Amino acid sequence: MQAALRVDKASKTYRSSNRQPFKAVNQVSLEIQSGQIYGLLGPNGAGKSTLIGMISGAAKPDPETGAIEIFGHSVINDREAAKRLLGIVPQEIVVEPAFTVEEVLYYFSGMYGVPSRERGPRIKAALDSLGLLDKLNEKARTLSGGMKRRLMIAKAILHQPKLLILDEPTAGVDVALRQRIWELVRELNRSGTTIIFTTHYLEEAEQLCESMTVINKGQVIKQGRVRDIQQEFSQNLISFELFDRDVEHLPGVRAIGTMFEYVYSDLSVDMSRILAHYSGNIKTIHNESASLEKVFLELTEGKA
Amino acid sequence: MTYMWALYAREVKRFRKLLLDTIFSPIVSMVLYLAVFGVVTANKSIGDISFLAFIYTGLLGMILVNSGFSNPGFALIIAKNLGAIVDLQVTPIKSWQIGIAYALAALTRGVFTLCLAVLLTIWFIPGIHLYHPLMLIAVVVISGLQYGMLGVVFGMWARGFEALTFVTTFVLQPMIFLAGVFYPITNLPAPWNTISAFNPVHHTINLFRYSFIGYTDTPLAVSWAFVLTVSVIFFVLMNWMCIKKLNEPVQ
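Residues numbered from 1 in each chain as written. Chains lettered and ligands numbered in written order. Predicted model: local features only at pLDDT ≥ 70, side-chain atom pairs only at ≥ 80, totals over all residues.

Trainee: Any details on the overall build of chain A? Residues and values, ideally.
Mentor: Regarding its fold elements, chain A presents 10 helices and 14 strands. Counting only C-alpha atoms, chain A reaches 75 × 45 × 45 Å along its principal axes. Sequence separation of 24 or more characterises 68% of the internal contacts of chain A that already satisfy a separation of 6 or more. (Helix = DSSP H or I, 4+ residues; strand = E, 2+ residues; numbered from the N terminus. Contact = placed C-beta atoms within 7 Å.)

Set out below in structure tokens:
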């Protein structure tokens, strides 16, 4: 199967005001198969948006970059063909104040080559699926934050891209809208669109994505199937909660939020040791599956 | 090509939504100039041409240059301020096509403003007639595009309104005032007459005025050579600037 996106050793260096080079993305490689919903995770400043900028054509990769290809089309040497296959929902909400919702979508889809006779029906269908149809003739600037976010999504899907990148599309939206966006993402994916999803809400990645890449300080620090990564991090972990936290702890026990964790080598032996040491002080104890949030924290804080 | 025309249509729509600023404001300025000069220069002439007709055609040429420069210049700065420049970066339009779409929109605005200005004011200019209509069309199209491309260059280059206003005030306006809009450049003392002879705006105004009223103060062949050469230079500059600026995240 052809890769929807292939990034080979992508790098991007910026020069700061004092001319010191800063590598925002350093030798990042990833390959996303067609038909996936793929998560791109990382803390603020990790390099996600720069990487997306390089994929979408908004940032020129360093010359030593191996390749960035969308369905086999190089974004460096075959830019227009690659861009035609890509839809992007940027992190920043951007609306043209002079235009109505319909005008924004009409001209933007035209800039992707959608014939004028097809634009009207596509605009109505997209707005309908996003619950914005009644705003068709309103000025885009008068929409609420959540509506503007939906408008951004509508802009990105009108030309029916084969690869859709959503850069934190649910930032600042309410729970109901978030669910709606998730549903739309699944629907688009079912219709054959490959989706890359960056988010700070880790439950989103957990809910939506099959595979993911975690980036920190411009480098890939973990890559693989979400379930595999979770399993990897939950293999040797006993998690427990105490009534009284201020007690002498066993060596190797560490506090994670309100919980304590212990990496075991033999489950029954170590579980018995913990039960014996803390005895009646234990509120809950289990051998848990690591949440993605925990995996993310461990990876980005360098504990993995 | 649908891609480029959609961008062109969007930019035309944009200035149509702001008619007061984009179309009527330069016409009002022109009428004020005419009112003042009409009183001061009544009964004066340059050869067979009335001084008012001389200034009138210069002012029309100035509208074309100003509209051409301002339309893409300010549209691009607004797009950068809003973050909407990303629309140009992600859509599959070639860099030169982006520049040309903006320049064509500038030309459209220039033609629209020019037609309206002529329609509203030509009745007050005695004895004026159209000397060379075909040449006028050629000059308007080439010059409108030329200054549209220059507007794209500075719109892409400038980081904010201040930088673009600086260029307008300290580069474009002096060029316009040294272009022979209000007087023949041959009347200027040295070195200003020499500087004016190398001023591309002068050659645009000269061709425009000739095709309108048949008056020229620089040989036509020289002016055509200047206008065409400068147009090619502006196109190359525009393409280079678009490639450079659209490939980097906007700061």
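There is more to say after this.
Trainee: Report on the interface of chain A and chain B, specifying residues and quantitative values.
Mentor: Across the boundary between the two partners, chain A contributes 23 residues, which contact 23 residues of chain B. Contributing elements (two or more residues each) for the side of chain A that touches chain B: helix 1 (48-56), helix 2 (79-84) and helix 3 (101-110) of chain A. For the side of chain A that touches chain B, the element with the most residues is helix 3 of chain A, which contributes 4 residues. Residue composition of the side of chain A that touches chain B, grouped by class: 11 nonpolar, 5 polar and 7 charged. (Nonpolar A, V, L, I, M, F, W, Y, C, P; charged D, E, K, R; others polar.)

Trainee: If you had to explain the sheet that holds strand 5 (residues 73-74) of chain A to someone new, which residues and values would you point to?
Mentor: Residue and element names in this part refer to chain A. Spatially, the 4 strands line up as an open sheet ordered 2-1-4-5, and their pairing is antiparallel. What marks the edges here is a single partner per strand, and that holds for strand 2 (21-33) and strand 5. As judged from the 4 bridges shared by strand 1 (residues 3-15) and strand 4 (residues 67-70), these two strands associate in the antiparallel manner. What sits directly across from L5, in strand 4, is I70. (Pairing = 2+ DSSP bridges.)

Trainee: Can you tell me about the sheet that holds strand 7 (residues 163-167) of chain A, naming the residues and giving the values?
Mentor: Strands pair in a sheet through their backbones, by hydrogen bonds, and they do so in one of two ways: parallel or antiparallel. Residue and element names in this part refer to chain A. Strands sit in the order 6-7-8-3-9-10 across an open sheet of 6 strands; the sheet is mixed. On the outer flanks of this sheet lie strand 6 (86-89) and strand 10 (219-225), each paired with one strand and no other. Put simply, the sheet's adjacent strands are angled 15° from each other on average, direction ignored. Sitting on the sheet, helix 6 (residues 175-190) is in contact with strand 3 (37-41), strand 7 and strand 8 (194-198), with an inclination near 150° to strand 8. (Axes fitted to C-alpha atoms, helices over the stretch in contact; angles between N-to-C directions.)

Trainee: Residues and numbers for the domain arrangement of chain A, please.
Mentor: Residues and elements named next belong to chain A. For chain A, the domain assignment lists domain 1 (3-224) and domain 2 (235-300). Between domain 1 and domain 2, the C-alpha centre-to-centre distance is 39 Å. Taken together, the 10 residues of domain 1 in the interface contact 5 residues of domain 2. Elements that contribute at least two residues to the side of domain 1 that touches domain 2 include exactly helix 7 (202-208), strand 9 (211-216) and strand 10. Here the side of domain 1 that touches domain 2 gets 3 residues from one element, more than from any other, and that element is helix 7. (Domains from an automatic or database assignment.)

Trainee: Lay out the packing of helix 2 (residues 19-40) of chain B against helix 3 (residues 51-82) of chain B with the relevant residues and their values.
Mentor: Residues and elements named next belong to chain B. As a packed pair, helix 2 and helix 3 sit with axes 10 Å apart at the nearest point and diverge in direction by 160°. On the basis of their axis angle, the class for helix 2 and helix 3 is roughly antiparallel. Crossing of helix 2 against helix 3: the hand is right-handed. Here helix 2 contributes P26, M30, Y33, L34, F37 and G38 to the contact with helix 3, which in turn contributes L52, I55, Y56, L59, I63, N66 and S67. When grouped by side-chain class, the residues that make up the contact of helix 2 with helix 3 number 10 nonpolar, 3 polar and no charged. (Parallel < 35°, antiparallel > 145°, perpendicular 65-115°, else oblique. Left-handed = near helix turned anticlockwise from the far one by under 90°.)

Trainee: Lay out the environment of I63 of chain B in plain terms, naming residues and giving numbers.
Mentor: Within the fold, I63 of chain B resides in helix 3. Put simply, I63 of chain B and L114 of chain B are 51 residues apart on the chain and 6.9 Å apart in space, counted from C-alpha to C-alpha.

Trainee: How would you sum up helix 7 (residues 161-177) of chain B? Please name residues and give values.
Mentor: Residues and elements named next belong to chain B. With 17 residues, helix 7 extends 22 Å between its outermost C-alpha atoms, agreeing within 8% with the 24 Å of an ideal straight helix rising 1.5 Å per residue. T168 marks the point of greatest bend in helix 7, at about 30°. Along helix 7, the residues that are buried comprise L164, V167, L172 and I176. On the buried face of helix 7, the contacting elements are helix 3, helix 6 (133-157) and helix 9 (200-213). (Expected span 1.5 Å × (residues − 1). Bend = angle between axes of the 7 residues up to and from the residue. Buried ≥ 20, exposed ≤ 12 C-beta atoms within 10 Å, placed from the backbone.)

Trainee: How would you sum up unusual backbone geometry? Please name residues and give values.
Mentor: A cis amide bond links A190 of chain B with the next residue in sequence, P191 of chain B, at an omega value of 5°. For P191 of chain B, the location among the structural elements is in the loop between helix 7 and helix 8 (192-197). One non-glycine residue, F71 of chain A, lies in the positive phi region at around 45°. Along the chain, F71 of chain A turns up in the loop between strand 4 and strand 5. Look at Q160 of chain A: it is not a glycine, yet its phi comes out positive at around 55°. Examined against the element boundaries, Q160 of chain A turns out to sit in the loop between helix 5 (145-157) and strand 7.

Trainee: Give a detailed account of the pairing of strand 7 of chain A, specifying residues and quantitative values.
Mentor: Residue and element names in this part refer to chain A. Counting buried residues along strand 7, 5 of its 5 residues qualify, which places the element largely inside the surrounding structure. Residues L163, I165 and D167 point to one face of strand 7 and L164 and L166 to the other, with burial holding for every one of them. Both strand 6 and strand 7 contribute to a ladder of 4 bridges, which runs parallel. In the sheet register, V89 faces strand 7, and the bridge partner there is L166.

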